[in-house]
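Take a look at the letters that make up each chain.
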There are 2 protein chains.
Amino acid sequence: MAHQDNKKDNRQFATELEELLNAGYLTRATTRLATSDPPTIANILEAFPWERRLQIWQLLTPQIKGAVLIELYEEVQDGLIAESLPEDLIKTVSGLDIDDLADLYERLPEKVRAAVLQAMDEKRRQRFEAVRHYPDNTAGGLMDVDAVAVRDDATLDTVLRYLRRIRHQQGALPEHMDAIIVVDRASRYIGMLSLSDLVSLEENCAVSEVMHTESNPIPALTPAKKVARLFEDYDLLSAPVVDEDNKLIGRITVDDVVDVIREEADRALMSTAGLEEESDIFAPIVTSAKRRAIWLGINLINAFLAAWVIEQFEGSIEQLVILAVLMPIVASMGGIAGTQTLTLVIRGIALDQVGPGNIRRVLGKELGVIAINALLFASTVATAMIIWHQDSSLGLVFALALAINLLNGAMAGAIIPFALHKLGIDPALAGGVVLMATTDALGFFTFLGLATFFLL
Amino acid sequence: MAHQDNKKDNRQFATELEELLNAGYLTRATTRLATSDPPTIANILEAFPWERRLQIWQLLTPQIKGAVLIELYEEVQDGLIAESLPEDLIKTVSGLDIDDLADLYERLPEKVRAAVLQAMDEKRRQRFEAVRHYPDNTAGGLMDVDAVAVRDDATLDTVLRYLRRIRHQQGALPEHMDAIIVVDRASRYIGMLSLSDLVSLEENCAVSEVMHTESNPIPALTPAKKVARLFEDYDLLSAPVVDEDNKLIGRITVDDVVDVIREEADRALMSTAGLEEESDIFAPIVTSAKRRAIWLGINLINAFLAAWVIEQFEGSIEQLVILAVLMPIVASMGGIAGTQTLTLVIRGIALDQVGPGNIRRVLGKELGVIAINALLFASTVATAMIIWHQDSSLGLVFALALAINLLNGAMAGAIIPFALHKLGIDPALAGGVVLMATTDALGFFTFLGLATFFLL
């Protein structure tokens, strides 16, 4: 069990499993799955197309299904939920932790939701409602509601007795507990008592003497991204979450934060290719095709815009066909230069390091960098043109247009993210498209315009 | 202190600081910095250009300098190290934790390294050498060597007494301790004793009765990426690291893993724009220009290759200038379609979900998706051509070329990552360039070739 499986190659496990299924050895496949752990099964499921996924899903026990479900991409979760019988789903989700259940809840069928709510005891339902009260992407949505809290006037041996009692009553303490939260009579946050202090200090110390008060609790409405930054910057393992009145309502543990960081990174990478939502590599073909059609459609409009610019110069191209040969070079180099600036600026904004206060400096630096390269590449292409086509005036026009479009690119790359931000559009998603539209249209216009003016 | 500052806007702090520096209020700036914490200062430093960075750096105390230094991008670290006097550097780094010091060590000047080594006592030096023995990007390079271990034949109250003794002797227990590692007489790993068990179970229990043995220790040479996956999948807070003989040599804590995840994600995003190494937005202009010139140069070669393809059809373009107008549309749409497939496949490979075993299935699915869109967009552009230019044969050729290049793109996007992988080249870095070269050259060739064959 546990992370043994991960050390073997997941792909190898997938192959084994597939062979068993192909040969119809369902019992052996079931056994193989039963000796594996939820994260590994989730990973394997995502690597199979849908027919296989459903087949494997049916071989899992309800208990493990729940643990597997919460590890999957939303899209894959939705597919499995849609294919499961309500009775099975109720069994699958009723054993989940409250915060995991809250994440899934909205996407469960009405019937399952009702049954799950009904099966909860009063205390669990209250906790559940507390988590559901906050949006997913906030501290409140991330938190567990099982925080153990003690009062500051207790002594360490009282705390130890209290922990033993909880353990005795509930069978276990909350997972990932590295510290106990200290509150006042009104449940307001005061500080943290670390377990490592609890085990290594004298038992007659008062909690108030040894608690840590230097870090602040996280307000429930703090965005998840910001919570992730706090955990990263301050190397936190867990942090208390409070409401507007500074009352303790839960705690966030680092394992949930790790998921936020990974998801955020995944989204940033996917969105550079217009794939924001497409998490499932084996999403149904028609669903995928629809989503991607939007992106392709936007890009088609861009491409037609650039074509329209070229069309204005048809006469020039007719006279001098070499213009058609060279124009894509000018356009694409501007796009490359712009993408580099764009990527740096978008990251800078995400890290709070680039903002209206220093965007001019960033722009200045980027233009400096590209000016050097514009000189370098303009002289390279001018030389190439003289050697290739023995045409120095063409070479000069080409070089000039290239240099101008490289500068265009850098400028657009620095400005576009801010412009999109003002319009309420995510620069990570739309930045690349807008940039390409700019550098293509301007690149063709500059080159063909200069050529028409100077060469014809 | 602590995360108070992060809640204010970092950009606002930067503005304040800049105003103080501009007005020459150095003492007030120093005080403002002294009331702030290392992660915030590091973030601010990265948001300023070099002259400012050095000015701020000089206002920091040696103690805080060390803590700030380890939070910075390597490139910024190197710049500050190069600008610091050896005596100051020695003070700055000598207070660092062993694993942080090991990360910096190779990049310190010889003189500083010698002095730092000399100042270590025998025990600290041994630990330091143990960490340095392993490459940075392995479990051994990530680990701390301050793991607290107990023997399995101890009882919980012996363990508690032992912890109190360590604390008494060393002033504190290791940071981020959520569990104590259990070893046998020969220091070989056996299991883990969680602090939450230690505080909540009866003190006369034997360690061997309550320890957890279900998870495996991490071998020292496990790649950092894999360590990150283990922590993510199994929600670990810390894990023991062992050598080839299963002997305990250290432990990894989740805060170091979070940094690995963030760096890996950062690298993946940057490399889509050929920016693998450029972490510092204010890197010196000439340094940045040199790095980016490589990427621009590679892309220039690509663009010339595409231009060469176009040149072969100069005669056709001369006869039918509209070909020059439409050809960039065919090329760019293939690039977009290919980038989507490429991004999904690269991520799938990184997650171990796509491999030689199922690449055909992935390719089949991607071709299915793009076939639907090829139909959709081919009929759209054919219709557009008929309306725009009243030319149905041109419309058909354009539509056919577009459809073929969309399929090219999807195929190239699925195959290129594997081809690059075989050649030992990072697909995340080079995939986009190779893809664009393919879709541009094939796009121009297909469209101009079909047009020459059917229309002229």
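Keep in mind that what you see is a predicted model, and the values were worked out from it rather than measured.

Cut-offs applied
Residues numbered from 1 in each chain as written. Chains lettered and ligands numbered in written order. Predicted model: local features only at pLDDT ≥ 70, side-chain atom pairs only at ≥ 80, totals over all residues. Heavy atoms only, no water. Buried < 20%, exposed > 50% of the residue type's maximum accessible area, 1.4 Å probe, protein only. Helix = DSSP H or I, 4+ residues; strand = E, 2+ residues; numbered from the N terminus. Pairing = 2+ DSSP bridges. Least-squares fit on C-alpha atoms with pLDDT ≥ 70 in both. Contact = heavy atoms within 4.5 Å. Domains from an automatic or database assignment. Salt bridge = Lys/Arg side-chain N within 4 Å of Asp/Glu carboxyl O. Polar contact = N/O pair within 3.5 Å; in protein donor to acceptor, adjacent residues only side chain to side chain. UniProt positions renumbered as here; feature names shortened; annotations may be inferred. Expected span 1.5 Å × (residues − 1). Axes fitted to C-alpha atoms, helices over the stretch in contact; angles between N-to-C directions. Parallel < 35°, antiparallel > 145°, perpendicular 65-115°, else oblique. Nonpolar A, V, L, I, M, F, W, Y, C, P; charged D, E, K, R; others polar. Left-handed = near helix turned anticlockwise from the far one by under 90°. Patch = residues over 30% accessible without salt bridge, like charges linked within 9 Å, V, L, I, M, F, W, Y side chains within 5 Å. Areas by Shrake-Rupley, 256 points an atom, 1.4 Å probe, with all protein chains shown as cover.

## Brief notes about the pairing of strand β5 (residues 238-242) of chain B
All names here are of chain B. Among the 5 residues that make up β5, 5 are buried, leaving the element largely enclosed by the rest of the structure. The two faces of β5 match: Ser238, Pro240 and Val242 on one face and Ala239 and Val241 on the other face are all buried. One ladder, built from 2 bridges, connects strand β4 (residues 218-219) with β5; its direction is parallel. In the sheet register, Ile218 faces β5, and the bridge partner there is Val241. Two elements, β5 and strand β6 (residues 248-253), share 5 bridges in a ladder whose sense is antiparallel. If you follow Pro240 over to β6, its bridge partner there is Arg251. Counted between consecutive antiparallel strands, the loop separating β5 from β6 contains 5 residues, among which Asn246 sits at a positive phi close to 65°.

## Regarding the relation of the copies chain B and chain A
Superposing chain B onto chain A takes a rotation of 180° plus a shift of 0.0 Å along the axis, which leaves an RMSD of 0.1 Å. Both chain copies can therefore be described as sitting about a two-fold axis. Both copies share a contact surface, since 100% of the interface residues of chain B are interface residues in chain A too.

## A few points about the side chain of Glu46 of chain A
As for its position among the elements, Glu46 of chain A is in helix α4 (residues 38-46). Those residues within four positions of Glu46 of chain A in sequence are excluded, and the remaining contacts are Arg53, Glu71, Leu72, Tyr73, Val76, Asp280, Ile281 and Phe282 of chain A together with Gln353 of chain B.

## A few points about the domain arrangement of chain A
Splitting chain A by domain gives domain 1 (4-137), domain 2 (149-271) and domain 3 (285-455). When each unit is reduced to the centre of its C-alpha atoms, the spacing between domain 1 of chain A and domain 3 of chain A is 46 Å.

## Some words on the interface of chain B and chain A
Between chain B and chain A, the contact holds 132 residues from the first and 132 residues from the second. In this assembly, chain B and chain A are joined by 14 salt bridges. Across the pair Glu232 of chain A and Arg262 of chain B runs a salt bridge, and its minimum N-O distance is 2.6 Å. Here chain B and chain A share 40 residue pairs in polar contact (both at pLDDT 80 or more) between them.

## Observations regarding the UniProt feature "transmembrane region" (unreviewed entry) in chain A
All names here are of chain A. As recorded in UniProt, the sites labelled "transmembrane region" (unreviewed entry) are residues 293-310, 322-346, 367-388, 394-420 and 432-455. As a span, residues 293-310 carries 100% helix and 0% strand, and end to end its C-alpha atoms are 25 Å apart. Helix and strand shares over residues 394-420 are 100% and 0% respectively, and the end C-alpha atoms of the span are 37 Å apart.

## So, helix α20 (residues 322-350) of chain B
One full turn of an α-helix is made of 3.6 residues, so residues set three or four places apart face in the same direction. Residues and elements named next belong to chain B. Here α20 spans 43 Å end to end across 29 residues, near enough to the 42 Å set by a 1.5 Å rise per residue. A large share of α20 lies buried, amounting to 25 of its 29 residues. Directly after α20, the chain includes Asp352, whose backbone phi takes a positive value near 65°.

## A closer look at the packing of helix α20 (residues 322-350) of chain A against helix α17 (residues 254-271) of chain B
As a packed pair, α20 of chain A and α17 of chain B sit with axes 10 Å apart at the nearest point and diverge in direction by 150°. Regarding the angle of α20 of chain A to α17 of chain B, the classification is roughly antiparallel. Residues Thr343, Leu344 and Arg347 of chain A of α20 of chain A form the contact with α17 of chain B, whose participating residues are Asp266, Leu269 and Met270 of chain B. Across the contact of α20 of chain A with α17 of chain B, the residue classes tally to 3 nonpolar, 1 polar and 2 charged.

## So, the packing of α20 of chain A against helix α18 (residues 285-311) of chain B
In the contact formed by α20 of chain A and α18 of chain B, the axes pass within 9 Å of each other and the chain directions differ by 155°. On the basis of the axis angle, α20 of chain A is roughly antiparallel to α18 of chain B. Classified by chirality, the crossing of α18 of chain B by α20 of chain A is right-handed. In this structure, α20 of chain A contributes Ile322, Ala324, Val325, Pro328, Ile329, Ser332, Met333, Ile336, Ala337, Gln340, Thr341 and Leu344 of chain A to the contact, and α18 of chain B contributes Arg292, Trp295, Leu296, Asn299, Leu300, Ala303, Phe304, Ala307, Ile310 and Glu311 of chain B. Taken together, the residues that form the contact of α20 of chain A with α18 of chain B break down as 16 nonpolar, 4 polar and 2 charged.

## Notes on a nonpolar patch on the surface
A contiguous nonpolar surface patch, about 220 Å² in accessible area, is contributed by Ile285 and Val286 of chain A together with Ile372 of chain B. Here Ile285 of chain A lies in helix α18 (residues 285-311). The partly exposed category is assigned to Ile285 of chain A, whose relative accessible area is 31%.

## Overview of the UniProt feature "domain: CBS" (unreviewed entry) in chain A
Per the UniProt record, "domain: CBS" (unreviewed entry) is found at residues 143-209 and 211-267 of chain A. The annotated region residues 211-267 of chain A carries 42% helix and 23% strand content, and the separation between its end C-alpha atoms amounts to 39 Å.

## Quick look at unusual backbone geometry
Residue and element names in this part refer to chain B. In this structure, His176 is a non-glycine residue whose phi angle is positive, near 55°. Its place among the elements puts His176 in the loop between α13 (156-170) and β2 (179-183). Using a relative accessible area of 19% as the deciding quantity, one classes His176 as buried. In this structure, Ser187 takes a positive phi of about 65° despite not being glycine. With respect to the helices and strands, the residue Ser187 is situated in the loop between β2 and β3 (189-194). Residue class for Ser187 comes out partly exposed when judged on its relative accessible area of 37%.

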